[in-house]
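# Tertiary structure, described
Here is how the chains run, residue by residue.
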Amino acid sequence: MTWGFTKPQKRLHAARAIGYALRGIFCETQQMHTRKKQPLRSNRDAFRGVMRNALYNRSRNFPVRKVAAMPKIVITDSDFENSDFEFAMARAAGVEIAAFQGPKPQDIIRNAADADAIVTSYGTFTPEVFAALPNLQVVSRTGIGYDTIDVPAATKNKTAVCVVPGYGTEVVSDHAITLALCVLRRMNETDADMRAGIWDYARHRPLGQVHGRTFGVVGMGEIGRATARKAAGLGFRVICTSRSLVPGRRTPEGYDIVEYEELLRRADVVSFHTALTPDTRHMLDAHAISLMKPDAIVVNTARGAVVDTVALAEALKADKLWGAGIDVFESEPVERDHPLLSAPHTVLTPHAAYWSEESGEELRLRAMQAAIDVVSGVRPMDCLNPEALRF
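Residues numbered from 1 in each chain as written. Predicted model: local features only at pLDDT ≥ 70, side-chain atom pairs only at ≥ 80, totals over all residues. Heavy atoms only, no water.

Of all residues in the protein chain, 83% have pLDDT values of 70 or greater, and the mean over the chain is 87. The low-confidence segment residues 1–48, where pLDDT is below 50, has 48 contacts with residues more than four positions distant or belonging to other chains. (pLDDT = per-residue confidence, 0-100. Contact = heavy atoms within 4.5 Å.)

Below you can see the structure in the form of structure tokens.
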């Protein structure tokens, strides 16, 4: 708790001070007319002196009350170059803020001991973390997935968990299509040749085209649907699979819905857009790869562990696939000796699919706003467990 004036008290205090000052000016002016032998002071000087005395004397005896401490938001870890954006939002909202770079459970417990809210990018929130932070009202993640947050443990602790769905729909789907086309056309390989002084596309054949090929989308959430729309717009035939869709039917957009294994057998490009759950971990493993066409392309912009990347690297080295475009990895940053880094016909990016300047600003704003909302007693958007809210 801190000590301070309420707004009505401040207004009353100011009014009284001005009243005393004006009365002092009147008395001072009267005295100046009667004390002929003393130098006269201007009304302005009189006002300043009496105003100062009134404020000082009255403030010592003015009643005060205890006011609630300012709520505190802690950024436990961040994927961004600085936290200036978040600090500006906190100041505008009248909220205290601190920033650290410690995503491990022990780091979070140490750095957020007095936090009312946490904003995180990759923090690991175990039951032990929530047990150590009983006053924590909300964890707001700068992303869509929440596999590093134990949501049941958060709910038990009355801690809301917020994410930011939809912020990267367009940019991630752009990236997935770009990876597919770069692999299909061997863009990175011919670019490397050009820089080495080699003018010979034929050495990288076969080179493919969109027309006549089938694009398979695994997971038809917002990003999956956007990827399907863009693939169809380019001329791919699109098929899809998703746990929420019934095989044998069509989506409202007209895409055939098929079983996962059928998609693997039919698609020339298999693009993953699923959340990471126990059911989706390594859903593309050695067995699943064996079902695919020998000239198929794998694209993953979802979660790293959806694909068994060691099995994928082995298939690429054995020339059992056309190639792969991968943005996410099971361990990040990816190990320098990971077999995928030496596998042929790959386009690899460092978990960059989610980022554009536009999507990044939206992501940071919405994640921070959710934290501010909760500590301000406002129901946040995109809360996974609203029953945990304490108001």
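It is worth spelling out unusual backbone geometry at this point. Omega for the bond connecting Arg 205 with Pro 206 falls within 30 degrees of zero, at 10°, which places this linkage in the cis form. Tracing the chain through its elements places Pro 206 in the loop between helix 8 (187–195) and strand 8 (214–218). A cis amide bond links Glu 332 with the next residue in sequence, Pro 333, at an omega value of -5°. Even without being glycine, His 282 reaches a positive phi, approximately 55°. With respect to the helices and strands, the residue His 282 is situated in the loop between strand 11 (269–272) and helix 11 (286–291). Phi at Asp 319 takes a positive value of approximately 60°, unusual for a residue other than glycine. The residue Asp 319 is located in the loop between helix 12 (309–317) and strand 13 (323–326) in this model. The exposed category is assigned to Asp 319, whose relative accessible area is 57%. (Helix = DSSP H or I, 4+ residues; strand = E, 2+ residues; numbered from the N terminus. Buried < 20%, exposed > 50% of the residue type's maximum accessible area, 1.4 Å probe, protein only.)

The next point concerns the packing of helix 7 (residues 169–184) against helix 9 (residues 222–234). Running from N to C, helix 7 and helix 9 point in directions that differ by 50°, and their axes come no closer than 8 Å. As far as their axial angle goes, helix 9 and helix 7 are oblique. Crossing angle aside, the handedness with which helix 7 passes helix 9 is right-handed. Across the interface between the two elements, Thr 169, Glu 170, Val 172, Ser 173, Asp 174, Ala 176, Ile 177 and Leu 181 from helix 7 touch Glu 222, Ile 223, Ala 226, Thr 227, Arg 229, Lys 230, Ala 231 and Leu 234 from helix 9. Of the residues assigned to the contact of helix 7 with helix 9, the class counts are 8 nonpolar, 3 polar and 5 charged. (Axes fitted to C-alpha atoms, helices over the stretch in contact; angles between N-to-C directions. Parallel < 35°, antiparallel > 145°, perpendicular 65-115°, else oblique. Left-handed = near helix turned anticlockwise from the far one by under 90°. Nonpolar A, V, L, I, M, F, W, Y, C, P; charged D, E, K, R; others polar.)

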